[in-house]
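Take a look at the letters that make up each chain.
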Amino acid sequence: MRYLPLTSADRAEMLGVIGAASVDDLFADVPAAARLPGPVPGLPHHASEMAVERHMTALAAQNLSAGAAPFFLGAGAYRHHVPASVDHLIQRGEFLTAYTPYQPEIAQGTLQVLFEFQTQVARLLGTDVANASMYDGSTACWEAIAMAARITRRKRAVLSGGLHPHYVSTAATMARFTGDVLETRAPVLDAVPDDDAVIAAIDAETSCVVVQYPDILGRIPDLAKIAAAAQAHGALVIAVVTEPVALGLIEAPGKLGADIVVGEGQALGVGLQFGGPYLGLFGCREKYVRQMPGRLCGQTVDATGKRGFVLTLSTREQHIRREKATSNICTNAGLCALAFSIHMTLLGGAGLAKLARVNHARAQQLAARLAAVPGVTVLNRAYFNEFTVILPRDARDVVRELADRRVLGGVSLGRLYPQETALANGLLVTATELTSPEDIEAFGTALEGVLA
Amino acid sequence: MPRYFTQDHEWIEVDGDTGTVGITDYAQGQLGDITYVDLPEVGAVLKRGDAPCVVDSVKAASDVYAPVSGTVTDVNEALGDEPELVNTDPETGGWLFRVTLADAGELDGMMDQAAYNAYVAGL
Amino acid sequence: MNAPNPSGWRPAMGVAAPEGFESPTVSGDRALMLEEPLIFELREPGTTGVDIDDLELEPLDTLAGFLRAEAPALPGLTEPETVRHYTRLSRQNYAIDLGPFPLGSCTMKHNPRLNEKLARLPGFADVHPLQPQQTVRGALAAINELAVWLIELTGMHGVAMSPKAGAHGELCGLLCIKAAIEARGEDRTVILVPESAHGTNPATAAFAGFSVESIPATADGRVDLAALTAKLGPHVAGVMITNPNTCGLFERDMKAISDAVHAAGGYVYCDGANFNAIVGKVRPGDLGIDAMHINLHKTFSTPHGGGGPGSGPVVLSEALAPFGPLPWTARMADGTVRLIEEEDAATEMPTSFGRMAAFHGQMGMFTRALTYILSHGADGLRQVAEDAVLNANYVLRSLDDVLDAPFGAAGPCMHEALFSDAGLAEGFSTLDMAKGLIDEGFHPMTVYFPLVVHGAMLIEPTETESKAGLDRFIASMRSLAERAKAGDETLKSAPHFAPRRRLDETLAARKPVLTWQG
């Protein structure tokens, strides 16, 4: 077996050193009744590289990959061009096969990357500090709500109707068990987000207001206005960014008064990957850093005075604080953070700004084309690279029929909000720098065909 | 002013109805370099045995228990910038918080300096 | 002859450097030991290393009032600068690819490159999680295929695929327990956790809204069954037990523990971090386990990536499976595989506790783990467990004459060998042993964990170390143990040869600098 270096002779010699007659003797603590006499029955035995590759390739071939068709999906996962050097570098064994940097003297590579990543994320989000990453945007969002409850000692969070429904569900699952109260609302098909309703819901019991920016329908809330209202009631503002490329063009949430900014970092460097692994971004004001979840890397010096980096403020974490930890999270999304950081290092702030402009321009072209389809209207007043169109019939069916024509034509609001019949005709569409004019035309034509 | 010690290595120095609380030199020596002190809020009402304060070293976070019941009247703000005072001066400048004593009877049965020294010597 | 040696090039060995000579270099680099500045020190903001097509950009009227005042103050490096930056940084890392990485309870085994190759097939890597299900049949089938393997290998009833890491899996398991107890109309608020448990166990229980009570260990490093039984009652929701446990020992009384907990109306959560020791040899389902997470990055070889991403599917008993999270992957009567999401939950999975993350799990880790599982097969996975346990016992018996093995006399260990600092010279610690190992060219073992052993050193060689590799490691450990017992002061300043000497963690924590301040 190609991954097992021990030979039969090695095994025999090692058993001799141990003083055991057989390997089974080493499992003597397992009660006899629980010991399997041989391989688990009914499962295949080992296979060659070739055979495994053939099997997995056949499974992969059953999927319509995003690059193989005109593609317009977003809703929390975005398809961007990832420079070739990103994937090359993350496959260096020294990054790929290292562990959490517990021994900093021989992990400065990972640690310096994390320090650079934290700086990049903080500057992107407009926060004082950022951590070394979380699992994904949705779990980061719940962690932020829990953090706001610790800081304010209040347990009632107001969630905007523009927050991704999966993020709402994730938070609702947790809140049900922790006793936090979430005030949620479904989105309304308006040209602008529900800022006023959110503001009206804030009171002296509110721990935080959670606002997605841009929101699930692609609209852009007035964060500064919401932040002012929250501040007046002593509540924190949590901004949620599911498309970080947007921050190349629109103002950073931290600059608009958000106290905590979380996000999904998948758009840069990580790829679609059918939903994971992704990358949770988490930034906040410096004064809240000891209430933050997740790993943090900090700068220090070594015994000879050379600059170096270590994991720090660990007393917040589960391995020291146990049941009093700020979170149960152990790892971060290290390799995804590396991919994000490399991509961001290539782009720089200027490159990100230009990339964002191109995204927005493609979205404008898409909006113009779809608006020309009879019966279709564009909902949004403002948007970045994603917006909502209203179709003359149930968008779920339309998406399936578009897929039959090999066009991956967006995410229906019915998929996201199966219970909200008022939203059924809504279709969420996204264009990025990868969207070509030919793709846009193919979408327009296919949609005309499906709706005809 | 009388000073009392607990088996959990807190000291309390009593002046009238106010007690000043800190951790002992022995305790700081066991903890190593103190990096952060999470102090209670002024006005917090404590029951004896509550853990209103946490002392962090690099690899440990240790609860400090309230040796007596009472209301927090003051905290040692200097520890915000200089948590190391708990290491360098644990039984004077590194004090943690002050409480009004709700029940002076709670002091009965605590150790004095000599008894505490003997207790530590036996650990 | 022609002109003799016109270039003047004659190989020479040079002259011996004087005793104690230390040569500073102008660059700060020392041959292959390369220093690397931060990206912020390499370039100013305003630059980019990516060519983006120039479009005819339309005015930004629709974004009026929202525009960013200035681009993020981040430099953009060209590709050659970027490749060099990260390549130079990578060389400051130790990794499995460089040598043994015997971190106990972390399972740093070889990461097969076939896993990497197949996970990157566009049919897996370039698929959106919300594509119509008709376009992702193969991806769903891959998830289902892995799910079937996990269920069969553990002897359980169902599996929740969406948890994103081990700790997230723990949360999933506890939420299932909580939902099941709610469904019974009961209010049980306590989770029992052995004192040897990994810190995530109590942290997860608290995060899920339970209170935690600790169970002591016996002298032979196991859960104290009598103490556990005494704590059971109508307020106890369940126990969290790691098996094999964090001392590297199999919990012999596991079935009795499960039976006692069940009899008291509770559930048994097993932390599956150490499943790699028993995969193919023992099915946790046969021991009465109700829920167990499986760290795909441990047992099933997906890369640790410098700290994630992980993946923590949770296998569930018949009692708990109905409460598992959405989306749930289910095989339909016609053989196709479907995702059950919120839309169908009311009819297909009415007692699900709900969603615990966006989308349906760590697909990129599923494809890697499935590739690994298919490579080994049922027979190979059994061999994996056997070799992992054999390697650990070989290390245990090759070192227990020079290091204190607190449970060594009681019998064999499972996949990891545990030592303590007893017997080291006064003033010498486990930390010194660890830093000495760095100089020897190895990654240190896990230190100071589990907490139940003073100065713990937990060594997990894994099955992918050769005997020759283990012998080199053992030789280094023996030498270090002898130095630490003899009071060799040079050990206290180790490491001497790493890219950095010991780092000042106190300074980092007292005055946190978490972002570049330049």
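A quick note: this is a predicted structure, and the numbers were derived from the prediction, not measured. (Residues numbered from 1 in each chain as written. Chains lettered and ligands numbered in written order. Predicted model: local features only at pLDDT ≥ 70, side-chain atom pairs only at ≥ 80, totals over all residues.)

1. Considering the overall build of chain B
Right, so step 1: Secondary structure summary: chain B contains three helices and nine strands in total.
Right, so step 2: For chain B, the succession of helices and strands along the chain, N to C, is β-β-β-α-β-β-β-β-β-α-β-α.
Right, so step 3: On C-alpha atoms alone, chain B measures out to a radius of gyration of 13 Å, which is about the 14 Å that the 2.2 N^0.38 rule sets for 123 residues.
Right, so step 4: Dimensions of chain B, computed from the C-alpha atoms along their principal axes, are close to 35 × 35 × 20 Å.
Right, so step 5: Sequence-distant contacts, at least 24 apart, represent 60% of the contacts inside chain B between residues at least 6 apart. (Helix = DSSP H or I, 4+ residues; strand = E, 2+ residues; numbered from the N terminus. Rg over C-alpha atoms; globule rule 2.2 N^0.38 Å. Contact = placed C-beta atoms within 7 Å.)

2. Here we look at the overall build of chain A
Right, so step 1: A tally of helices and strands in chain A yields 15 helices and 13 strands.
Right, so step 2: Scaling as 2.2 N^0.38, a compact globule of 452 residues should have a C-alpha radius of gyration of about 22 Å, and chain A matches this with 25 Å.
Right, so step 3: Going through the 452 residues of chain A one by one, you find that 63% of them count as buried.
Right, so step 4: Taking the contacts inside chain A whose residues are at least 6 apart along the sequence as the reference set, 73% of them involve residues at least 24 apart. (Buried ≥ 20, exposed ≤ 12 C-beta atoms within 10 Å, placed from the backbone.)

3. Digging into the domain arrangement of chain A
All names here are of chain A.
Right, so step 1: When cut into domains, chain A gives domain 1 (68-81 + 352-451) and domain 2 (84-343).
Right, so step 2: For domain 1 versus domain 2, the distance between C-alpha centres works out to 27 Å.
Right, so step 3: Contacts between domain 1 and domain 2 engage 32 residues on the former and 27 residues on the latter.
Right, so step 4: Residue assignment for the side of domain 1 that touches domain 2 shows that the elements contributing at least two residues are helix 12 (334-371), strand 11 (386-390) and strand 13 (426-430).
Right, so step 5: Per-element tally for the side of domain 1 that touches domain 2: the top contributor is helix 12, with seven residues. (Domains from an automatic or database assignment.)

4. Concerning the packing of helix 3 (residues 49-61) of chain A against helix 5 (residues 137-154) of chain C
Right, so step 1: Where helix 3 of chain A meets helix 5 of chain C, the closest approach of the two axes is 6 Å, and the angle between their N-to-C directions is 135°. By the criterion of interaxial angle, the relationship of helix 3 of chain A to helix 5 of chain C is oblique. Taken together, the residues of helix 5 of chain C that come into contact with helix 3 of chain A (itself represented by Leu59(A), Ala60(A) and Ala61(A)) are Gly138(C), Ala141(C) and Ala142(C). (Axes fitted to C-alpha atoms, helices over the stretch in contact; angles between N-to-C directions. Parallel < 35°, antiparallel > 145°, perpendicular 65-115°, else oblique.)

5. With respect to the UniProt feature "domain: Glycine cleavage system P-protein N-terminal" (unreviewed entry) in chain A
Right, so step 1: Taken from the UniProt record, the annotation "domain: Glycine cleavage system P-protein N-terminal" (unreviewed entry) applies to residues 1-441 of chain A.
Right, so step 2: Between the C-alpha atoms that bound residues 1-441 of chain A there is a distance of 52 Å. The span itself is 37% helix and 13% strand. (UniProt positions renumbered as here; feature names shortened; annotations may be inferred.)

6. So, the environment of Met156(C)
All names here are of chain C.
Right, so step 1: Summarising the element assignment, Met-156 is placed in the loop between helix 5 and strand 1 (158-160).
Right, so step 2: We classify Met-156 as buried; it has 24 C-beta atoms within 10 Å.
Right, so step 3: Residues Met-156 and Pro-284 lie 128 residues apart in sequence; the distance between their C-alpha atoms is 7.6 Å.
Right, so step 4: Other than its neighbours up to four places away in sequence, Met-156 contacts Ile-151, Gly-285, Val-315, Leu-316 and Ser-317.

7. Digging into the environment of Cys297(A)
Residue and element names in this part refer to chain A.
Right, so step 1: Its location among the elements puts Cys-297 in strand 8 (residues 297-301).
Right, so step 2: Under the C-beta neighbour-count criterion, Cys-297 is labelled buried, with 27 such atoms within 10 Å.
Right, so step 3: As a C-alpha pair, Cys-297 and Ala-130 span 167 residues in sequence and 9.6 Å in three-dimensional space.
Right, so step 4: Not counting residues up to four positions away in its chain, the partners in contact with Cys-297 are Leu-111, Leu-114, Phe-115, Gln-118, Ala-132, Phe-309, Leu-311 and Thr-312.

8. Re the UniProt feature "domain: Lipoyl-binding" (unreviewed entry) in chain B
Right, so step 1: Those places that UniProt annotates as "domain: Lipoyl-binding" (unreviewed entry) correspond, in this numbering, to residues 18-100 of chain B.
Right, so step 2: Spanning residues 18-100 of chain B, this segment combines 13% helix with 39% strand, and its end C-alpha atoms are found 4 Å apart.

9. A look at the sheet that holds strand 5 (residues 236-241) of chain A
All names here are of chain A.
Right, so step 1: The sheet built from seven strands is open, its strands ordered 1-7-6-5-4-2-3 with mixed pairing. In this open sheet, the two strands that pair with only one neighbour each are strand 1 (129-130) and strand 3 (181-183).
Right, so step 2: Pairing analysis gives three bridges linking strand 2 (residues 156-159) to strand 3, with the strands arranged parallel. Within strand 3, the residue paired with Arg-156 across the bridge is Val-181.
Right, so step 3: Where helix 7 (residues 137-152) meets the sheet, its contacts fall on strand 2, strand 4 (206-212), strand 5, strand 6 (260-264) and strand 7 (280-284), and the angle it forms with strand 6 comes to roughly 165°.
Right, so step 4: Contacts from helix 8 (residues 165-178) reach strand 2, strand 3 and strand 5 within the one sheet, and its direction differs from that of strand 3 by about 150°. (Pairing = 2+ DSSP bridges.)

10. Quick look at the nonpolar core
Right, so step 1: In terms of nonpolar packing, the biggest core is built from 345 residues, with Ile145(A), Val209(A), Val210(A), Val237(A), Ile238(A), Val240(A) and Cys176(C) touching the most fellow members.
Right, so step 2: Looking at this core, the element that brings in the most residues is helix 11 (residues 363-399) of chain C, giving 20 residues. (Core = buried A, V, L, I, M, F, W, Y, C linked by C-beta atoms within 7 Å.)

11. Things to note about the interface of chain A and chain C
Right, so step 1: In this assembly, 168 residues from chain A lie in contact with 173 residues from chain C.
Right, so step 2: The greatest single-element share of the side of chain A that touches chain C, amounting to 21 residues, is contributed by helix 12 of chain A.
Right, so step 3: Its residues placed into classes, the side of chain A that touches chain C shows 88 nonpolar, 57 polar and 23 charged. (Nonpolar A, V, L, I, M, F, W, Y, C, P; charged D, E, K, R; others polar.)

12. Considering the pairing of strand 2 (residues 190-194) of chain C
Residue and element names in this part refer to chain C.
Right, so step 1: By the criterion of burial, strand 2 is predominantly enclosed, with five of the five residues buried.
Right, so step 2: The alternating pattern of strand 2 places Val-190, Leu-192 and Pro-194 and Ile-191 and Val-193 on opposite faces, both of which are buried.
Right, so step 3: When strand 2 meets strand 4 (residues 236-242), the two strands line up parallel, connected through three bridges. Pairing of Leu-192 across the sheet is with Val-239, part of strand 4.
Right, so step 4: Pairing analysis gives five bridges linking strand 2 to strand 3 (residues 211-215), with the strands arranged parallel.

13. Re the packing of helix 12 of chain A against helix 2 (residues 79-90) of chain C
Right, so step 1: Contact geometry of helix 12 of chain A with helix 2 of chain C gives a least axis separation of 10 Å together with a crossing angle of 145°. In the crossing of helix 12 of chain A with helix 2 of chain C, the sense of the turn from one axis to the other is right-handed. Taken together, the residues of helix 2 of chain C that come into contact with helix 12 of chain A (itself represented by Ile342(A), Thr345(A) and Leu346(A)) are Glu79(C), Thr82(C) and Tyr86(C). (Left-handed = near helix turned anticlockwise from the far one by under 90°.)

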